[in-house]
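# Chains, contacts and geometry: an overview
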Amino acid sequence: MESKIETAWCPGCGNLGIRNALETALQELPVTAKNIVFTSGIGQAAKMPHYLDVNYFNGLHGRSIPLAVGIKLARPELTVIAYSGDGCIYGEGGNHFIHTIRKNIDITILVSDNKVYGLTKGQSSPTTDMGIKNSLDPAGNENTPLNPLSLAISMGAPFVARGFAGEPEHLKIIIKEAILFPGTALVDILQPCVTFNRINTYQYYRERVYKLESPVADRFEAMKIAETWGERIPIGIIYKHEGVPVRGIRQNLFGNPVSEEEMIRLLTARHASRV
Amino acid sequence: MECNLLVGGEAGQGLASIEIELTTLLFRLNYCYFATKNYMSRIRGGHNFHMFRISDQPVYALSGKPWNMIIALDDETETRHKPALKDGGNFLAGEQIREIEKAATDTYHNPVASNTIITGIILATMGVQTEAIEKIVDDPLHMEQIRTGFAFSGNWKMTKRFPVIAQSVNRLQFDGNQALAFGALLGGCQFMAAYPMTPATSIMMYVTRAALEMPVHFEQAEDEISAVNMALGASYAGLRAMVATSGGGFALMTESVSLSGMTETPIVIIDAQRPGPSTGLPTRTEQGDLNFVLHAGHGEFPRAVFAPGSIDEAVIVAKNSFDLADRYQMPVIILTDQYFADSMQIVEEQVPTDVSDRDYRTFDAGYKRYQLTADGISPLTYPGLSDALVRVDSDEHTEEGAITEDLNLRIRMMDKRLKKGELLRKDARMPGFFGDRDADVFLVCWGSNKSIVKEAVEKIRAGGRQIGALHFSQVYPLTQEMVAGYDLSAKRLIGIENNATGQFAGLLKRELDIKMSDLILKYNGECFTVLELCRLIQEKI
């Protein structure tokens, strides 16, 4: 699959590097484009599926995850990926993020995390650092930033990773592992916003990121890594816990409609006084 | 003959158990009955009451006649309902209830046995023979408890006081929500997501239970926004899907109603209405959401709104809604309410059992999800069935489903979507008519008032006055064809609605320039009874 589409992103946008990593990852995976479905919300990151050769449902702000859940439950054979930004997944869709992790359905959640609202021009997002000034926080953001990784681990997410748009080869490997992982997999992707985030730049991350050698299987140890931020920022698969039961469906739905015999049985059992 | 019965008490005192036990036995004994309830939004305490109309004839509404029998498990029942007891009616309360409870604990060592004893008393009052009950009750202990009820009834001289003959011919029993759920399954619905909310929850319970034995999935969502998006996801992926909620939950879904309209993703949404605004009266009834569902969702897109009024109609409307949602690739909304949802009744009409299914077409890689066509309907397929990629977008989009800000294309896409609404108008479900077509007075109703209005019309006609009534089960769109031949401009029209402002009357005026002369509105959270409605109509004519 090779998409040569002009994007709506700024020159140098972190999403460009993510798109390259994603496109290569999808090419290298043993799934065909027709069996891959992306869901996305609203924002610059949510335009990602438009620039890939895949099926997609580009829905409402914050709602990419429940769309993905519905698709996966309906058609377990499809590879389902929810893709959006930090504002969409962690802010507007925060409730879905938390409760979908509890379901442990086999979907992948990829988040372009640029720590800012880009499309609405630079306001604080759930992951914006305290003290950052912008159009709606002229005196500086007063809210503690959300840590998606430790939140996901604490909710019992079995696969939690962080990638960096400036390391596309490394990111590609993480994305492939996340998609292949049986269960809900989260990849928070550090995405420099070249227009509205003058702090968390490519340079900023290059000076701080280090690659984790392998994921840990202990949740408490993983929490420590997930909480590491500042002079050193870990990237890679932080936590991986296989063997957590994956939510499925009782019986095939698609191509297996309810029969008239079943409806007659239901009518007789529940609504008729005698057989 | 008929027996009108009220059982009142606190939540948690076994009223619901008595209702289930009584209706199950009445059903199996071939009685015609109608049962509905009035309950408070709490788990224990308060005051609830269950109403039963047991009759020789099929009955589909509360009569409104004085109660032949009242069973008062609490003092409140006496205060509130005894004034409506028929002269010479049976009133069971206080010391008698304590005797029943004593028998349950002393003889059966089980306080719950009093529910069965009370059921036995009711059946004895109606003149049921114990031999008939023995034929349908297998458990000897259960039968013994019913006999204890008969003994109490004998001691208290209540037996055969209000005899009713069992002569129901068809033997199907449904409440309104069960009928909608059954109809949805007939419509090929295989996916439901929802968040519990009274009075829609029993639809979820029905589908969940059916899903244990059928290829159907129910998913409880973290909120209604998630529920509707899960259903849209499942529909996009290829399954017929629905959600059910009440007004407050529907409010959370409204952005996604618009999403369904824009992405042309079929979905069926059931709004089981309760009185608002806001939390309102969570367990009572109202037809207050009509204007809301008509206008829910930003922007302009086609939709259909139905409000079935009887069990057979609820089954058919629910079933057909899935075909319609697919045919026009749009949201279909079904309005019901607490009254109809909670009304258990015997059905005389045949109920279909054939299941409709989606059309699964395949296309090549050149497939365009939003292909511009003459009738506005683009070919629909689902991911993974062929080389066709299915790309749908909430933004204004190209034929391929890519974001666009081409403003000329915007016009063509809007026209395409709205064209479907024009076609939909030709597919209208005609209103039902009861009574005299030549009458100078017509009643106009919609949704759950159907059977109440129908019986009121029969009563007024029996009194020698001509009258007619129109009942709309399709409330939007409204077309001239739906009212053609009734000469409505020459009639005196009386609108009957369970809301405070006459929302359907307003809609008829806006859409068809039909004006009601009078309105009969009830919005205290309770349904009309037949006698009450007759009285209100007589005052107007």
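Not measured: the values here are computed from a predicted model. (Residues numbered from 1 in each chain as written. Chains lettered and ligands numbered in written order. Predicted model: local features only at pLDDT ≥ 70, side-chain atom pairs only at ≥ 80, totals over all residues.)

With that settled, consider unusual backbone geometry. Across residues other than glycine, the phi torsion is negative in most instances, and most of the peptide bonds are trans. Residue and element names in this part refer to chain B. The step from T198 to P199 runs through a cis peptide bond, and the omega angle for that step is 0 degrees. Tracing the backbone through its elements, the reader meets P199 in the loop between β7 (189–194) and α8 (201–211). At the junction of G276 and P277, the peptide bond is cis and its omega measures out at -5 degrees in the coordinates. Within the secondary structure layout, P277 lies in the loop between β10 (267–273) and α11 (290–295). Positive phi is not limited to glycine here, since K160 has a value of about 60 degrees. Mapped onto the fold, K160 is located in the loop between α6 (140–155) and β6 (172–175). Note on K160: 13 C-beta atoms within 10 Å, which makes it partly exposed. Positive phi outside glycine occurs at D487, with the angle close to 50 degrees. Tracing the backbone through its elements, the reader meets D487 in the loop between α16 (480–483) and β19 (492–497). (Helix = DSSP H or I, 4+ residues; strand = E, 2+ residues; numbered from the N terminus. Buried ≥ 20, exposed ≤ 12 C-beta atoms within 10 Å, placed from the backbone.)

Here the focus is the packing of helix α1 (residues 14–28) of chain A against helix α6 (residues 168–180) of chain A. All names here are of chain A. Put simply, α1 and α6 touch, their axes get as near as 8 Å, and they point 50 degrees apart. Taken together, the axis directions place α1 and α6 in an arrangement best described as oblique. In this structure, the crossing between α1 and α6 has a hand that is right-handed. Contact with α1, carried on its side by G17, I18, N20, A21, L22, T24, A25 and E28, involves P168, L171, K172, I175 and K176 of α6 and no other residues of that element. In terms of residue class, the contact of α1 with α6 is built from seven nonpolar, three polar and three charged. (Axes fitted to C-alpha atoms, helices over the stretch in contact; angles between N-to-C directions. Parallel < 35°, antiparallel > 145°, perpendicular 65-115°, else oblique. Left-handed = near helix turned anticlockwise from the far one by under 90°. Contact = placed C-beta atoms within 7 Å. Nonpolar A, V, L, I, M, F, W, Y, C, P; charged D, E, K, R; others polar.)

Glancing now at the interface of chain B and chain A. Where interface size is quoted, it is often the accessible area lost as the parts come together. Across the contact, 53 residues belong to chain B and 47 residues belong to chain A. Counting residues per element, the ones that place at least two in the side of chain B that touches chain A are α1 (15–28), β6, α7 (176–186), β7, β8 (217–220), α9 (224–237), α10 (247–263) and β14 (391–393) of chain B. At 10 residues, the largest contribution of residues to the side of chain B that touches chain A is made by α9 of chain B. Looking at side-chain class alone, the side of chain B that touches chain A contains 29 nonpolar, 12 polar and 12 charged residues. Both strand β2 (residues 55–58) of chain A and β14 of chain B contribute to a ladder of three bridges, which runs parallel. Across the sheet, the residue bridging to Y56 of chain A is R391 of chain B, located in β14 of chain B. (Pairing = 2+ DSSP bridges.)

We now examine the packing of helix α2 (residues 64–74) of chain A against α9 of chain B. Running from N to C, α2 of chain A and α9 of chain B point in directions that differ by 45 degrees, and their axes come no closer than 7 Å. As far as their axial angle goes, α9 of chain B and α2 of chain A are oblique. Like other packed secondary-structure pairs, α2 of chain A and α9 of chain B cross with a definite hand, here right-handed. Note on element contacts: α9 of chain B touches α2 of chain A through S226, N229, M230, A231, L232, G233, A234, Y236 and A237 of chain B, opposite P66, L67, A68, V69, G70, I71, L73 and A74 of chain A. Of the residues in the contact of α2 of chain A with α9 of chain B, the class split is 13 nonpolar, four polar and no charged.

The next thing to look at is the nonpolar core. V160 of chain A together with A231, M242, V243 and L443 of chain B are the most contacted members of the largest nonpolar core, which has 238 residues in total. With 10 residues, the single largest contributor to this core is helix α12 (residues 311–328) of chain B. Beyond its immediate stretch of four places on either side in the chain, V160 of chain A contacts L149, A152, I153, L186, A222, A226, I238 and Y239 of chain A. (Core = buried A, V, L, I, M, F, W, Y, C linked by C-beta atoms within 7 Å.)

The subject of this paragraph is the sheet that holds strand β4 (residues 67–72) of chain B. All names here are of chain B. Strand order across the open sheet formed by seven strands is β5-β4-β1-β3-β2-β13-β6, with mixed pairing between neighbours. On the outer flanks of this sheet lie β5 (85–92) and β6, each paired with one strand and no other. Between one strand axis and the next, the sheet turns through 20 degrees on average, direction left out of account. In terms of strand pairing, β4 meets β5 through four bridges, oriented parallel. Note on β5: the bridge partner recorded for I71 is L92.

All names here are of chain B. Assigned domains within chain B: domain 1 (2–155), domain 2 (173–347) and domain 3 (432–540). Once you take the C-alpha centre of each, domain 2 and domain 3 turn out to be 25 Å apart. Secondary-structure elements contributing two or more residues to the side of domain 2 that touches domain 3 are α11, β11 (304–306), α12, β12 (331–337) and α13 (338–341). Grouping the constituent residues of the side of domain 2 that touches domain 3 by class yields 13 nonpolar, seven polar and four charged. (Domains from an automatic or database assignment.)

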